[in-house]
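Each chain, letter by letter, is given below.
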Amino acid sequence: MEEHTRRKRYSGTHPKTFAEKYKEHDPERYAQTVARVIGKGSTPAGMHLSVMVEEVLQALRIKPGEIGLDATLGYGGHSGRMLERLQGSGHLYGLDVDPIEIVKTRERLRKAGYGPEIFTAVRENFANIDTIAREYGPFQFVMADLGVSSMQIDDPRRGFSYKLDGELDLRLDPENGMPAWQRLSRMSREEIQGMLVENADEPYAEEIARTIVKLRKKGAAIRTTAQLREAVVTALSFLPENGEKRELTKKTCQRVFQALRIDVNNEFEVLEAFLSKLPQVLSEGGRVAILTFHSGEDRLVKKAFQEYYRQRVFAEISQEVVRPSAEECRANGRARSTKLRWAVKGF
């Protein structure tokens, strides 16, 4: 018989760390706690609040009996709503490279009543949608949410947030590839500067790259999120001390972590591969909706959609980007930077 162990207690009246927020990790059991957290405009630990769900559903116009693909399964919020629209007929396939979260999401959707007859989760990078389509397609609808899930951002073990101290990993698939700290230790000053400019339009790229290399030469390795954050603070030390500096430092940290994450996961290359294969995986009249979260992604999607429209591959595309409502942005701060573009393949 296993020895009983009590849950580790936290100090103070409220849990502070990701691991201590045990009620937020169990939304079915502690629904009131989770509702209070969401009501305050925050995302509960271990959860993800899907963005622009109604707008995505409006763009996809899902009908019962159709075959669809959620190219970025994540927490499964979009998938759950898409499955509702199928009304028990048809099939939805969900892709994710994250070996940790895909298991949780599959189980979550199974508990919601979506068995293998209507939903299949596949551990695969969405750059390989052509392979998926050969086995399961073509698809009447496809959606992709290019944002990082809150479960990944909020878990310090994943190293996605400058606010939480942990190993600087940043891999969407922690079982493959090179962690961010290792990648950063091998890059030259010119490579770091170029990465920051290309992936995040970082205005202080030169100062940050110079500081990282200088610290490295002194033997001060950047292996944790806190160490990278401190490197950014050091790089910006030349700025005048005023009320704006704190906010500017925060925004710079966000851009630096974004740029490094994009580099580690080859996100632009993956997106380009996905976009290049998109027409061949859609059925005639198939619809696609893509959510982006920064200008680099949006430019790639916009350019691809416009080119397919000129070639008459797509019969219709969104002429203007669709943004989340002010109400959604107030309820979920992580929705603010979201942009939605959609398209319909020609007949």
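Everything below is about the structure printed above this text.
We now turn to the structure provided with this report. (Residues numbered from 1 in each chain as written. Predicted model: local features only at pLDDT ≥ 70, side-chain atom pairs only at ≥ 80, totals over all residues. Heavy atoms only, no water.)

**Regarding the sheet that holds strand S3 (residues 119-123)**
- On the basis of which strands lie adjacent, the open sheet formed by seven strands has the order S3-S2-S1-S4-S5-S7-S6 and mixed pairing. Taken across any chain shown, the strands that pair with only one partner, and hence form the sheet edges, are S3 and strand S6 (314-317). Direction aside, the axes of adjacent strands within the sheet are offset by 15 degrees on average.
- Bridging between S6 and strand S7 (residues 339-345) involves three bridges; their strand directions are antiparallel. Residue Ile-317 lies in a different strand from S7, and its bridge partner there is Ala-343.
- Across the face of the sheet, helix H2 (residues 53-60) comes into contact with strand S4 (139-145), strand S5 (282-292) and S7 while running at roughly 160 degrees to S5.
- Contacts between helix H12 (residues 267-281) and the sheet are confined to S4, S5, S6 and S7, with S5 contributing the most and set at about 150 degrees to the helix. (Pairing = 2+ DSSP bridges. Helix = DSSP H or I, 4+ residues; strand = E, 2+ residues; numbered from the N terminus. Axes fitted to C-alpha atoms, helices over the stretch in contact; angles between N-to-C directions. Contact = heavy atoms within 4.5 Å.)

**Focus on the packing of aromatic side chains**
- Tallying each qualifying case throughout the model produces six aromatic pairs.
- Put simply, the rings of Tyr-93, Tyr-136 and Phe-139 pair up and form one aromatic cluster.
- The ring of Tyr-75 carries Arg-108 above its face, with NZ or CZ at 3.6 Å from the centroid. (Phe/Tyr/Trp six-rings, centres within 6.5 Å; stacked < 30°, edge-to-face > 60°. Lys NZ or Arg CZ within 6 Å of the ring centre and 35° of its normal.)

**Points about a positive patch on the surface**
- On the surface, Lys-163, Arg-246, Lys-250, Lys-251 and Arg-336 cluster together into a positively charged patch.
- Tracing the sequence through the fold places Lys-163 in the loop between helix H6 (150-154) and helix H7 (180-186).
- Look at Lys-163 and you get exposed, because its relative accessible area is 59%. (Patch = residues over 30% accessible without salt bridge, like charges linked within 9 Å, V, L, I, M, F, W, Y side chains within 5 Å. Areas by Shrake-Rupley, 256 points an atom, 1.4 Å probe, with all protein chains shown as cover. Salt bridge = Lys/Arg side-chain N within 4 Å of Asp/Glu carboxyl O. Lys, Arg positive; Asp, Glu negative; His and termini not counted. Charge placed at Lys NZ, Arg CZ, Asp CG, Glu CD. Buried < 20%, exposed > 50% of the residue type's maximum accessible area, 1.4 Å probe, protein only.)

**Examining helix H4 (residues 101-111)**
- Taken together, the buried positions of H4 are occupied by Glu-101, Ile-102, Thr-105 and Leu-109. On an axial view of H4, the arc spanned by its buried residues comes to 95 degrees, and they lie on one face.
- One or two residues past the end of H4 sits Gly-113, with phi positive at roughly 105 degrees. (Arc of directions from axis to C-beta.)

**Comments concerning the packing of helix H9 (residues 205-217) against helix H10 (residues 225-235)**
- Closest axis-to-axis distance for the H9/H10 pair is 9 Å, and the angle between their directions is 120 degrees. Taken together, H9 and H10 sit at an angle that is classed as oblique. The element H9 and its partner H10 pack so that their crossing is right-handed. Here H9 contributes Glu-207, Ile-208, Thr-211, Ile-212 and Leu-215 to the contact with H10, which in turn contributes Leu-228, Ala-231, Thr-234 and Ala-235. (Parallel < 35°, antiparallel > 145°, perpendicular 65-115°, else oblique. Left-handed = near helix turned anticlockwise from the far one by under 90°.)

Everything listed is a geometric property; what it means functionally is a separate question.
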